[in-house]
Protein chains: 2
Amino acid sequence: MTSRIASLTDFLLMQIERSAEVRESATTRKPLNRQIYQAIREAILSQLLPAGWQLPSSRDLARGLALSRNTVTYAYEQLLAEGYLETRAGAGTFIADTTPDQLPETHPHTAPLIDPSGQSELSARGAKLVQQAGVSDLQWGAFMPGVPDVTLFPNKVWSRLQNKHWRRSQAELLTYGQGGGYHPLRTAIADYLRVARSVNCNADQVIITTGIHQSLDLIVKLLGEYGDTAWVEDPCYWGTRSVLSSVGINPVGVAVDAEGMNIRSANLREPPRFICTTPSHQYPLGMVMSLSRRRMLLEYAATHKSWVIEDDYDSEFRYGSRPLASLQGTDTQGRVLYMGTFSKTLFPGLRIGFIVVPESLATAFSTGVSELYRGSQVFLQAVLADFMREGHFASHIRRMRLVYAERLQLLQDAIKDNFGDTVEITGGDTGLHLTLGLPSHCDDFVISREARSAGIIARPLSRYYMSENTTSRGLLLGYGCVPNAHIRPAFDVLAAIIKKHI
Amino acid sequence: MTSRIASLTDFLLMQIERSAEVRESATTRKPLNRQIYQAIREAILSQLLPAGWQLPSSRDLARGLALSRNTVTYAYEQLLAEGYLETRAGAGTFIADTTPDQLPETHPHTAPLIDPSGQSELSARGAKLVQQAGVSDLQWGAFMPGVPDVTLFPNKVWSRLQNKHWRRSQAELLTYGQGGGYHPLRTAIADYLRVARSVNCNADQVIITTGIHQSLDLIVKLLGEYGDTAWVEDPCYWGTRSVLSSVGINPVGVAVDAEGMNIRSANLREPPRFICTTPSHQYPLGMVMSLSRRRMLLEYAATHKSWVIEDDYDSEFRYGSRPLASLQGTDTQGRVLYMGTFSKTLFPGLRIGFIVVPESLATAFSTGVSELYRGSQVFLQAVLADFMREGHFASHIRRMRLVYAERLQLLQDAIKDNFGDTVEITGGDTGLHLTLGLPSHCDDFVISREARSAGIIARPLSRYYMSENTTSRGLLLGYGCVPNAHIRPAFDVLAAIIKKHI
């Protein structure tokens, strides 16, 4: 018995020292009782302590380890609860037999599952997604496109509204959300969209999501089958392609021209399930879809029962004239699903967006959104609803429109002073970025990389094209999150790099 | 000219009155200039005002309508910007030709796309999702399973931490999140899991998501192909099945017994891509997977390169003994993806969960999460990180464990007093609900419906089974969000209903 105590004691002391060494820091060192538990557990799993072997009493072991008995008792009890030990009445505590249950001898019909590419453990769709990932590792600074200046967000007002709700925290604000979202917010959004975007809708047609990505995911899951096609604009937002592919929808590029997406150039004999478009501000080129194009698109969609997915991501910021009416507003057949987001108007980290769905789909979508994602954060939605109802949303947009208009001007001046009229600027009348066209012999990927190592984000235009052989070259330059004073110096650095290639 | 003004004037006045009538409320009535814009726009779209027709000057029309000229000018400018009108130099303003561009005559190869079921406009997968939706329309009250008592959440502490961050709102807290989530939170979670759940991980293996649903969605998108199989426990959580099906993974039920998921009863010759299991607290029945089962499962997964998805949703609340070690902690082959959530420990509306992935997958997953969902709310993650670092998380769990233990006792007593030992109670030693077994001749759906109309949530056990012909009947009774005083009266009402069927 004593020898057994001795051996186990030495063993445990050794284990504990070793484990103490490997702990990175004191903060993560485990309490002694956990260490003993861990040490015995590892010894059992590695069969150092064989099944049937009797453990010394907790008193004896505690004495051997010079620890309080509770420390050891705790470890024993935990190991009993987890089935590593068993007690036999009157006999004591023993190592339980935990060898795996035997499986019947089987010869699988199929080989072990491994990634066809053999490259990684990822599935083919996973590997594709990661390899082609378009998301930037840097999300802030000159000239990150599509990011608003969050430092100008009225956070005092937001805090006040937030605290109001947290003081009297009602259960319904903290538990799972109701399908479709917090109704007062849905009402506020519907009221806003009717006036500001000429969207025809009532509150029940507004489905709250966490943003464009979730909106698109929900739409294609509810309305699309695996293998369906979606027409996307070429070029288009990388996220649209990634989300579509991840749920088995094949994106097919359709060329854009001065009037926007030109479905005439698509294969009209194979109507797609979805047509994804950015009519108010083509992403990334920035043109507006002409009225006759809009009506052609709607007619085609109605005839062939395709769904039009309108991505209206940043048209609140239109400099000069007022924002243009949405495509949804001219749809009389109920074929348009309108997606919007607060990522550009307020701040991206809010992760609140919405879909306006045809009335006939409202119930299905509000069920679908809670079934698939368990609804979203009602307490945040309540704050946003107040923020809109009290008029802070409208005035923040008005204020930021002036800020961005000024930054746009500064960037355009900097471009002019460096290049005169030798480069083409597109899409500068709306949104948070413009596109700087480059001669087709320039490699915009190389320029982008060189800029990046000079600390400047300038995303290459050709990256947004699906067709490998596009001759379009350029850079997306976002000015939304760049302080006025930084715009010129940052662009001068970029210009120097461009001039080496032009 | 005058006649033209007159006619247009009358027409517009009529339109405006009509539109004024249909406005639901004064708050949503549009400003006059919008109404004129709208009226002319509708008239053009409905061809009441033909292309080429000349509009009166804004001055003349304003006089005719007895409005300020600006009001009319505004409407004209907006219509010009949107392409409904065109100006001809020196001639004036005309209705533009906005008839849709003609499409080449096409006879599609495929018939118009409609839902095969013909029932709705939804796709087959969408229709299935909505028809089989498991989400409850009520999320609060006796006896909603899986919902914690959010009214006991320390919201003052939370508010304080929240305000601290909002006062000095840094850009990185409000813009798009970095892949994988806010690093201090990932560290806090890793430290917690190592000690409390015996999970082997470092911070980089922790991927922040919006909860179990998004975690599962991400895992199967990155590691699974369309058409792959996933073994799920039968019965299991409805959300697991819905999310899997929505991304093209086929859930195959595997029976559970007293030791948990029994993969021996599965078709071992067809190794699945995924094995979804709840080893610490089987959902909904509540048993713990035995150690030898765990090791059998891990061996099988390692041999056949299947991924084990461990859903550890509520085992922090273990009454009597300490929480049991995770399955991930005994995995030596890196086949386990461990999913956790703060929905049960803090509050569901928080929508923060996490995956612990094998080290080899950490980079792919942190890229994937921002590529697919644009990361999540860093400002909330920062608050949660402080909440954990300052020890509020641990103490809230300790406190709630006592609260729930007491409620469990009250519910068990109420059951005993009504039924003695004639009904079986399972899964009551952990989590936020127990399962009340019923004789196989009882229709638990009917009982559930009757209870619901008596204002009581009692979800039918058979609903959680995949196999139609299961003979298991029972009710899931959640006590987490039921105040002590309500438990007995609510159960007495339920008991009366049950007795009519037993």
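Basis of the calculations
- Residues numbered from 1 in each chain as written.
- Chains lettered and ligands numbered in written order.
- Predicted model: local features only at pLDDT ≥ 70, side-chain atom pairs only at ≥ 80, totals over all residues.
- Heavy atoms only, no water.
- Helix = DSSP H or I, 4+ residues; strand = E, 2+ residues; numbered from the N terminus.
- Buried < 20%, exposed > 50% of the residue type's maximum accessible area, 1.4 Å probe, protein only.
- Contact = heavy atoms within 4.5 Å.
- Areas by Shrake-Rupley, 256 points an atom, 1.4 Å probe, with all protein chains shown as cover.
- Lys, Arg positive; Asp, Glu negative; His and termini not counted.
- Charge placed at Lys NZ, Arg CZ, Asp CG, Glu CD.
- Least-squares fit on C-alpha atoms with pLDDT ≥ 70 in both.
- Buried area = accessible area lost by both parts, 1.4 Å probe.
- Salt bridge = Lys/Arg side-chain N within 4 Å of Asp/Glu carboxyl O.
- Polar contact = N/O pair within 3.5 Å; in protein donor to acceptor, adjacent residues only side chain to side chain.
- Pairing = 2+ DSSP bridges.
- Axes fitted to C-alpha atoms, helices over the stretch in contact; angles between N-to-C directions.
- Phe/Tyr/Trp six-rings, centres within 6.5 Å; stacked < 30°, edge-to-face > 60°.
- Expected span 1.5 Å × (residues − 1).
- Left-handed = near helix turned anticlockwise from the far one by under 90°.
- Nonpolar A, V, L, I, M, F, W, Y, C, P; charged D, E, K, R; others polar.

Engineer: Explain the overall build of chain A to me, and be specific about the residues and the numbers.
Structural biologist: Check the secondary structure of chain A and you find 16 helices and 14 strands. Classification of the 502 residues of chain A by burial places 62% in the buried group. When contacts within chain A are restricted to residue pairs at least 6 apart in sequence, those whose partners lie at least 24 apart make up 73%. Accessible surface, chain A: about 18,500 Å² in total, of which carbon and sulfur atoms supply 53%. Charge separation in chain A, taken as the distance between the mean sites of 50 positive and 49 negative side-chain charges, equals 5 Å.

Engineer: Tell me what's going on with the relation of the copies chain B and chain A, and back it up with residues and numbers.
Structural biologist: Turning one copy of the chain about an axis and sliding it along that axis gives the other copy, so a rotation and a shift relate them. Relative to chain A, chain B is turned by 180° and slid 0.0 Å along the rotation axis, the superposed coordinates differing by an RMSD of 0.1 Å. Taken together, the rotation and translation describe the operation of a two-fold axis. Across chain B, the rotation axis passes nearest the C-alpha of V247 of chain B, at a separation of 2.8 Å.

Engineer: Just give me the short version of the interface of chain B and chain A, but keep the residues and values in it.
Structural biologist: Tallying the contact residues gives 133 residues for chain B and 133 residues for chain A. Taken together, the two surfaces of chain B and chain A that pack against each other cover about 11,900 Å², and 55% of this comes from carbon and sulfur. Scanning the region where chain B abuts chain A turns up 4 salt bridges. Note that K221 of chain B and D217 of chain A form a salt bridge whose closest N and O atoms lie 3.0 Å from each other. On the surface where chain B and chain A come into contact, there are 42 residue pairs in polar contact (both at pLDDT 80 or more).

Engineer: Quick one: what's the story with the side chain of T210 of chain B, residue by residue and with numbers?
Structural biologist: Position of T210 of chain B relative to the elements: it lies in the loop between β4 (206-209) and α9 (212-223). Excluding residues within four positions of it along the chain, T210 of chain B makes contact with R351, I352, G353 and S376 of chain B.

Engineer: Can you tell me about the sheet that holds strand β2 (residues 85-88) of chain B, naming the residues and giving the values?
Structural biologist: All names here are of chain B. Taken together, 3 strands build an open sheet; the order of strands is β1-β3-β2 and the sheet is antiparallel. Taken across any chain shown, the strands that pair with only one partner, and hence form the sheet edges, are β1 (54-55) and β2. Relative to strand β3 (residues 92-95), β1 runs antiparallel, the two being bridged by 2 bridges. Paired with Q54 across the bridge in β3 is F94. Against the sheet, helix α4 (residues 69-81) engages β1 and β2, with an angle of about 95° to β2.

Engineer: Which residues make up unusual backbone geometry, and what values do they have?
Structural biologist: Phi is mostly negative for residues that are not glycine, and the peptide bonds are mostly trans. In this structure, F143 of chain A follows A142 of chain A across a cis peptide bond, with omega equal to -5°. On the secondary structure map, F143 of chain A appears in the loop between α5 (124-131) and α6 (155-167). Here the residue pair D234 of chain A and P235 of chain A is connected by a cis peptide bond, since its omega of 10° sits within 30 degrees of zero. Even without being glycine, A66 of chain B reaches a positive phi, approximately 60°. Inspection of the secondary structure assignment puts A66 of chain B in the loop between α3 (58-65) and α4. Located in the positive-phi region is R351 of chain B, a residue other than glycine, with phi close to 50°. Within the element layout of this structure, R351 of chain B appears in the loop between β10 (336-341) and β11 (353-356). For R351 of chain B, a relative accessible area of 7% corresponds to the buried category.

Engineer: Please give an account of the sheet that holds β11 of chain B that cites residues and values.
Structural biologist: Hydrogen bonding along the main chain pairs the strands of a sheet, whether they run parallel or antiparallel. Residue and element names in this part refer to chain B. The 8 strands are arranged β4-β11-β10-β9-β8-β5-β6-β7 in an open sheet whose pairing can be described as mixed. The open sheet terminates on both sides in strands that have one partner only, identified here as β4 and β7 (260-261). Sheet topology note: the strand β9 (residues 307-311)/β10 ladder contains 4 bridges and is parallel. What sits directly across from E310, in β10, is Y338.

Engineer: How would you summarise the environment of A485 of chain A if you had to cite specific residues and measurements?
Structural biologist: Residues and elements named next belong to chain A. Within the element layout of this structure, A485 appears in helix α16 (residues 484-501). For A485, a relative accessible area of 64% puts it in the exposed group. With 166 residues separating them in the primary sequence, A485 and Y319 have C-alpha atoms 21 Å apart.

Engineer: Residue-level account of the packing of aromatic side chains, with values.
Structural biologist: Scanning the model with the defined rule gives 43 aromatic pairs over all chains in all. Where F153 of chain A meets F387 of chain A, the ring centres are 5.7 Å apart and the plane angle is 25°; that geometry is what we call stacked. With F153 of chain A in the loop between α5 and α6 and F387 of chain A in helix α13 (residues 378-389), this residue pair connects regions lying 234 residues apart in the sequence. For F153 of chain A, a relative accessible area of 3% puts it in the buried group. Centre to centre, the rings of Y237 of chain A and W238 of chain A are 4.9 Å apart; their planes meet at 50°, and the pair counts as tilted. W238 of chain A shares its class with Y237 of chain A; the two are buried. Three or more aromatic residues joined by ring pairs form one cluster here, namely F153, W158, F347 and F387 of chain A together with W166 and F379 of chain B.

Engineer: Kindly report on the side chain of D314 of chain B, identifying the contributing residues and their values.
Structural biologist: Residue and element names in this part refer to chain B. Within the secondary structure layout, D314 lies in the loop between β9 and β10. A distance of 3.0 Å separates the side chain of D314 from the side chain of H281, its partner in a polar contact. Other than its neighbours up to four places away in sequence, D314 contacts H281, K344, T430, G431 and L432.

Engineer: Could you give me a rundown of the pattern of salt bridges, with the residues and numbers involved?
Structural biologist: All names here are of chain B. In the structure shown here, the tally under the stated rule is 34 salt bridges over all chains. Here D312 and R197 are joined by a salt bridge, their closest N and O atoms 2.7 Å apart. Separated by 115 residues along the polypeptide, D312 in the loop between β9 and β10 and R197 in helix α8 (residues 183-197) bring together distant segments of the chain. Of the two residues, D312 and R197, neither departs from the other in class, the shared state being buried.

Engineer: Which residues make up helix α9 (residues 212-223) of chain A, and what are the values?
Structural biologist: Here α9 of chain A is 12 residues long and its end C-alpha atoms lie 16 Å apart, about the 16 Å a rise of 1.5 Å per residue gives. Among the residues making up α9 of chain A, those that are buried are I212, H213, Q214, S215, L216, D217, L218, I219, V220, K221, L222 and L223 of chain A.

Engineer: Mind laying out the packing of α9 of chain B against helix α10 (residues 238-246) of chain B, listing which residues take part and the relevant values?
Structural biologist: Residue and element names in this part refer to chain B. Orientation of α9 relative to α10, taken along the N-to-C sense of each, is 35°, at an axis distance of 10 Å. Considering only the axes of α9 and α10, their crossing is right-handed. Across the interface between the two elements, H213, L216, D217 and V220 from α9 touch W238, G239, T240, V243 and L244 from α10. The residue makeup of the contact of α9 with α10, split by class, is 5 nonpolar, 3 polar and 1 charged.

Engineer: I'd love a proper account of the pairing of β11 of chain B, names of residues and values included.
Structural biologist: All names here are of chain B. Burial along β11 is two-sided: G353 and I355 and F354 and V356, pointing in opposite directions, are all buried. Across 4 bridges, β4 lies against β11 in antiparallel orientation. By the bridge assignment for β11, V206 is matched with V356. Of the pairings in the sheet, the one linking β10 to β11 comprises 4 bridges and is antiparallel in character. If you follow M339 over to β11, its bridge partner there is I355.

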